[in-house]
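The primary structure of each chain is shown beneath.
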Amino acid sequence: MKIITATTKIFLLLCAFALSAAAETKTAGDYSITLKAANVGAIYDTGEKIDFILEVSKAGKPFAGADLDVKISKDEVAPLERSSKKSAAAREIFSASLADSGVVKCQVFVKLSDVEKRVEMLAGAAVKPLSIAPSVPEPVDFVQFWDAQKKILADIPLNMQVQPRQKLLPSALSEKLDLFVVKADTFGGKLDAYMVMPKNAAPKSLPAIVIPHGAGVRYSRFGGVAGAAEFAKRGFLAIDFNALGLDSDGTAADLEVHKKNFKGYPYKDAKDRQKNIFRTIYLRALRALDVAMAQPQWDGKNLVVFGTSQGGGQALAMGGLSDKVTLVCAFVPALCDMTGFVKDRVSGWPHYVRADKNGVYCKFDKSWLESIPYFDGTNFARHISAPSIITIDLSDDVCQPTTGFAMYSNLKKEKILIINPEARHGVPRECYLKVADMVGQRVSGK
């Protein structure tokens, strides 16, 4: 697989990969509403005028008369511009520009007289995004800190158990795939994962892919778009594990208890780098790599990590902490540039420091800087020695695109950037499938 890094080529690639709809589109009764940035790909230069186009139709015909409330921001923080318009035209344009690199967001609330609730629309535009740099430098002892953590993990015996779970597979898959639950010891508890591979795979025959989870309290799984079973059908040894070490043999009632116990887990003791839960989560992710490499079917060469949101942050950490990883795929990654507030920019999920209602960061506790940079994907990115494929959604209101671009600038090796101009935090299905194809091409040497 050829990796393209030149800026002009990235933007040509962007056009080919703009897989979401032409604009964010919502319906309400007979109404259809769209909002988009005017430029194809929604990429702009500094100082260039950005037009966001809102169109409203009813029963397929242009509709005038909606009331609008509009907010334009620098990726949800100041400067903010608010405006309102009564009885708007069927097509309205809202303009903005940025003098420096960044992301502009346009949020419009559309009130229709015969629809009960306002319809919220959102669009983003990137301004010279490859110039967005990390908000703070890497801690001077970042490598030493994580070397110490890896030593702690290495001293914990794997104690791996591999248990068949073939009956969980649909009959059509059971004829083609083998399914297992894998349990192992790790720092702060257990690793619990589903492992899926082609049936009766020979030793040293399969590339491995490890799939960490997004945020939330859930058991491991093997289904889904570009999930473990789908990769197993493509010839991979695929491992999916939950971030919190929950036992997949647990019941639905057990899961409800876990949800109560882990409520707000990203924030508990987060200022203490020894107690921050992402220390445990990242070491569990490294243990998942250990499990993958311990399988006799692994080919000993290809080790891919493939995660979304919080899983994307874990993928960056795995790539930065293990030189065994051969390809990093991070979709709308969380845990990136979490110190954006230092530069009056949006800070990455889980948003330890938030702006006020006017998008302004007032005084913040500087003790955050003694902890969260050690768990920031932006800093792991500098240490990734493998190629990477990064996906950023310009309308993302959870893992804001500014934070993803800041991380991307720190990747020093081969990299591909995929931008979905109109997508929010949900990655389009077509994007997952396209990247899955790229992963297959990579491991096959094409």
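See above for the structure.
To start, this report covers the structure provided alongside it. Please read these numbers as outputs of a predicted model, since none were measured by experiment. (Residues numbered from 1 in each chain as written. Predicted model: local features only at pLDDT ≥ 70, side-chain atom pairs only at ≥ 80, totals over all residues. Heavy atoms only, no water.)

**Comments concerning the pattern of salt bridges**
If charged atoms from side chains of opposite charge come close, those side chains can pair.
Alright, step 1. Under the defined criterion, the tally for this structure stands at 30 salt bridges.
Alright, step 2. Residue Arg91 pairs with Glu55 through a salt bridge whose shortest N-O separation is 3.2 Å. One end of the pair, Arg91, is in strand β8 (residues 91-96); the other, Glu55, is in strand β4 (residues 50-58), with 36 residues separating them in the sequence.
Alright, step 3. Taking the relative accessible area as the measure of exposure, Glu55 reaches 34% and is therefore partly exposed.
Alright, step 4. Taken together, the shared-partner salt bridges connect Glu24, Lys26, Glu120, Asp397 and Arg424 into one network. (Salt bridge = Lys/Arg side-chain N within 4 Å of Asp/Glu carboxyl O. Helix = DSSP H or I, 4+ residues; strand = E, 2+ residues; numbered from the N terminus. Buried < 20%, exposed > 50% of the residue type's maximum accessible area, 1.4 Å probe, protein only.)

**Overview of the packing of helix α6 (residues 277-293) against helix α7 (residues 310-321)**
Alright, step 1. Their axes nearest at 9 Å, the elements α6 and α7 cross at an angle of 65°. Taken together, α6 and α7 sit at an angle that is classed as roughly perpendicular. Crossing geometry of α6 relative to α7 is assigned as right-handed. Contacts between α6 and α7 involve Phe278, Ile281, Tyr282, Ala285, Leu286 and Leu289 on the former and, on the latter, Gln310, Gly313, Gln314, Ala317, Met318 and Leu321.
Alright, step 2. Counted by class, the contact of α6 with α7 contains 9 nonpolar, 3 polar and no charged residues. (Axes fitted to C-alpha atoms, helices over the stretch in contact; angles between N-to-C directions. Parallel < 35°, antiparallel > 145°, perpendicular 65-115°, else oblique. Left-handed = near helix turned anticlockwise from the far one by under 90°. Contact = heavy atoms within 4.5 Å. Nonpolar A, V, L, I, M, F, W, Y, C, P; charged D, E, K, R; others polar.)

**Topic: helix α2 (residues 142-154)**
Alright, step 1. Taking 1.5 Å as the rise per residue, α2 with 13 residues should run 18 Å; its terminal C-alpha atoms sit 18 Å apart, in good agreement.
Alright, step 2. Listed as buried for α2 are Phe142, Phe145, Trp146, Gln149 and Leu153. Viewed along the axis of α2, the buried residues span an arc of 85°, placing them on a single side of the element. Opposite the buried face of α2, at more than 90 degrees from it, the exposed residues are Lys151 and Ala154. (Expected span 1.5 Å × (residues − 1). Arc of directions from axis to C-beta.)

**Concerning the nonpolar core**
Alright, step 1. Judged by nonpolar contacts, the single largest core of 114 residues is most densely connected at Leu54, Val108, Val110 and Trp146.
Alright, step 2. Sort the elements by how many residues they give to this core and α6 lands first, with 11 residues.
Alright, step 3. Here Val108 is in contact with Leu35, Leu54, Leu68, Asp69, Val70, Phe94, Val119, Glu120 and Met121, once residues within four sequence places are set aside.
Alright, step 4. Judged by nonpolar contacts, the second largest core, of 33 residues, contains Leu179, Val181, Ala229 and Ala232. (Core = buried A, V, L, I, M, F, W, Y, C linked by side-chain atoms within 4.5 Å.)

**Comments concerning the environment of Ser57**
Alright, step 1. You can see Ser57 is positioned in strand β4.
Alright, step 2. When the C-alpha atoms of Ser57 and Arg91 are compared, they prove to be 9.1 Å apart, with 34 residues separating the residues in sequence.

**Structural notes on the side chain of Ser371**
Alright, step 1. Along the chain, Ser371 falls in the loop between β17 (327-331) and α8 (377-381).
Alright, step 2. One polar contact links the side chain of Ser371 to the main-chain carbonyl oxygen of Ala270, over a distance of 2.6 Å.
Alright, step 3. Filtering out sequence-adjacent residues up to four positions away, Ser371 remains in contact with Ala270, Lys271, Asp272, Arg273 and Asn276. (Polar contact = N/O pair within 3.5 Å; in protein donor to acceptor, adjacent residues only side chain to side chain.)

**A look at the sheet that holds strand β13 (residues 189-198)**
Alright, step 1. Taken in spatial order, the 9 strands line up as β11-β12-β13-β15-β14-β16-β17-β18-β19 in an open sheet, and their pairing is mixed. Of all the strands in the sheet, the pair left with one neighbour each is β11 (161-164) and β19 (415-420). Between one strand axis and the next, the sheet turns through 20° on average, direction left out of account.
Alright, step 2. In this structure, β11 lies alongside strand β12 (residues 177-186), joined through 4 bridges in antiparallel fashion. Opposite Gln163, over in β12, you have Val181 as the bridge partner.
Alright, step 3. Sitting on the sheet, helix α9 (residues 401-408) touches β18 (388-393) and β19, and the angle it makes with β18 is about 160°. (Pairing = 2+ DSSP bridges.)

In short, geometric facts, not functional conclusions.
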